[in-house]
Amino acid sequence: MRKGKQAGMEFNHTNFAQVLEELKDTARMQGNMLTSEQLDEAFGQWQLGTEQLTLIQDYFRNHHIGIDEPGDTEENLTGQDVNFLEIYLKELEALPPVSDGEKRAVMMSALAGDSDAQAKLVEIYLPQVVEISKLYAGQGAFVEDLIGEGNVAAASAVTMLDCVDGIDEMEGFIVRMIMDAMEELISEDSDNRQFDENVLNRVNEVNDKAKELYDSLLRKVTVQEVAQELGISEENVREAVEFAANRIDYIAL
């Protein structure tokens, strides 16, 4: 992207990346959509040409965020997600419809601490949890798990309404709680996948080095020998052997 200035503001990659992340967050709050006006306002601090603005719009579309219309939230669903949603949505069809006026009345009672109203409010938000889950589909977590976390977050949110100043802030508060829970799940799953990948790499590394030494020495090797060759601790080697269910046959234990 070219450098640009407007009102003395120089292009800054860190600030630019932060604006992108903030807009992605805003889009999720708006059903995976941004308006042209929001883009103009967000990037108005820099003088960007038509080509740069087109690249920005393409960036958001690649993240399934629509410009002036909702993005496609079905595209990232797996076959397992689709099958689950088909069954789950049929179950939700049994819920009685609620008008905007009825929803507002329930929200007012829930805000006042009525436990029955709070339970009803969670029920009202169940379909919205489904729609929010689609925004996070394809990011490493199954929609079923996202919905589970979202429902738990909604149940917690309705008991914490004393944190909001009034009924007009309730919607954003509850939705934010649901989104935060889903984002945390995705982050945890990502960390777990990274841990599993690191463990697998270490197991392969230890196994390959042990085999190399075995072929050279014509005998099983010790944990100490493998550790010295790899430049890691003996404990790391033992952990790798343990994760491999003691199936690294070239190491004498």
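Predicted model, so just to flag it, every value in this text is computed and none were measured.

Now for helix α9 (residues 223-230). Considered for burial, the residues of α9 that qualify are V223, V226 and A227. The arc that holds every buried residue of α9, seen down its axis, measures 100°, which confines them to one face. Just past α9, the residue G231 takes up positive phi, approximately 75°.

The N-to-C vectors of helix α5 (residues 100-111) and helix α6 (residues 115-135) enclose an angle of 135°; their axes lie 8 Å apart at closest approach. Classed by the angle they form, the pair α5 and α6 counts as oblique. Considering the relative orientation of α5 and α6, their crossing is left-handed. Residues K103, V106, M107, S109 and A110 of α5 touch α6, and the partners they reach there are A117, Q118, K120, L121, I124, Y125 and Q128. Partitioned by chemical class, the residues of the contact of α5 with α6 number 7 nonpolar, 3 polar and 2 charged.

Moving on: the packing of aromatic side chains. What the rule picks out here adds up to 3 aromatic pairs. A ring pair is formed by F84 and Y88, whose centres lie 5.4 Å apart and whose planes are at 15°; its orientation type is stacked. Pair noted here: F84 and Y88 are both in helix α4 (residues 79-92), with a separation of 4 residues, about one helical turn. Assessed through its relative accessible area of 13%, Y88 is described here as buried. Here the aromatic rings of Y214 and Y250 are separated by 5.3 Å at their centres, their planes lie at 55°, and the arrangement is tilted. With Y214 in helix α8 (residues 167-217) and Y250 in the segment after α10 (234-243), this residue pair connects regions lying 36 residues apart in the sequence. Given the relative accessible area of 22%, Y250 is considered partly exposed.

Time to look at the pattern of salt bridges. Counting across every chain of the model gives 13 salt bridges. The partner of K24 in a salt bridge is E21, and the shortest N-O contact between them spans 3.3 Å. Pair noted here: K24 and E21 are both in helix α1 (residues 13-29), with a separation of 3 residues, about one helical turn. The class for K24 is buried, based on a relative accessible area of 11%. Each of D25, R176, D180 and E183 takes part in one network of salt bridges that share partners.

One can find K103 in helix α5. A distance of 3.2 Å separates a polar atom in the side chain of K103 from a polar atom in the side chain of E171.

In this section: the confidence of the model for the chain. Taken residue by residue, the chain gives an average pLDDT of 83. The fraction at 70 or more is 89%. Taken as a whole, residues 1-9 scores under 50 in pLDDT and shows 23 contacts with residues more than four places along the chain or in a different chain.

Attention shifts here to the side chain of K209. Residue position: K209 is located in helix α8. The class for K209 is buried, based on a relative accessible area of 16%. Apart from residues lying up to four places away in sequence, K209 is in contact with V226, E229 and L230.

When helix α2 (residues 36-43) is considered as a whole, its buried residues turn out to be L39, A42 and F43. Seen along its axis, α2 keeps its buried residues to an arc of 80°; they face one direction. Summarising the geometry of α2, the exposed residues directed more than 90 degrees from the buried face are E37, D40 and E41.

Along the chain, F16 turns up in helix α1. The class of F16 is buried, set by a relative accessible area of 9%. For the pair F16 and A42, spaced 26 residues apart in sequence, the C-alpha separation works out to 9.4 Å.

Further remarks concern unusual backbone geometry. The backbone of D68 shows a phi angle near 70°, a positive value even though the residue is not glycine. For D68, the location among the structural elements is in the loop between β4 (66-67) and α4. Located in the positive-phi region is L218, a residue other than glycine, with phi close to 60°. Given a relative accessible area of 72%, L218 falls into the exposed group.

For the rest of this paragraph, the subject is a negative patch on the surface. Together, E144, D145, E149, E184 and E188 line one region of the surface with negative charge. Those elements giving two or more residues to the negative patch turn out to be α7 (143-157) and α8. For the negative patch, the element with the highest residue contribution is α7, accounting for 3 residues. Along the polypeptide, E144 turns up in helix α7.

Thresholds applied
Residues numbered from 1 in each chain as written. Predicted model: local features only at pLDDT ≥ 70, side-chain atom pairs only at ≥ 80, totals over all residues. Heavy atoms only, no water. Buried < 20%, exposed > 50% of the residue type's maximum accessible area, 1.4 Å probe, protein only. Helix = DSSP H or I, 4+ residues; strand = E, 2+ residues; numbered from the N terminus. Arc of directions from axis to C-beta. Axes fitted to C-alpha atoms, helices over the stretch in contact; angles between N-to-C directions. Parallel < 35°, antiparallel > 145°, perpendicular 65-115°, else oblique. Left-handed = near helix turned anticlockwise from the far one by under 90°. Contact = heavy atoms within 4.5 Å. Nonpolar A, V, L, I, M, F, W, Y, C, P; charged D, E, K, R; others polar. Phe/Tyr/Trp six-rings, centres within 6.5 Å; stacked < 30°, edge-to-face > 60°. Salt bridge = Lys/Arg side-chain N within 4 Å of Asp/Glu carboxyl O. Polar contact = N/O pair within 3.5 Å; in protein donor to acceptor, adjacent residues only side chain to side chain. pLDDT = per-residue confidence, 0-100. Patch = residues over 30% accessible without salt bridge, like charges linked within 9 Å, V, L, I, M, F, W, Y side chains within 5 Å. Areas by Shrake-Rupley, 256 points an atom, 1.4 Å probe, with all protein chains shown as cover. Lys, Arg positive; Asp, Glu negative; His and termini not counted. Charge placed at Lys NZ, Arg CZ, Asp CG, Glu CD.

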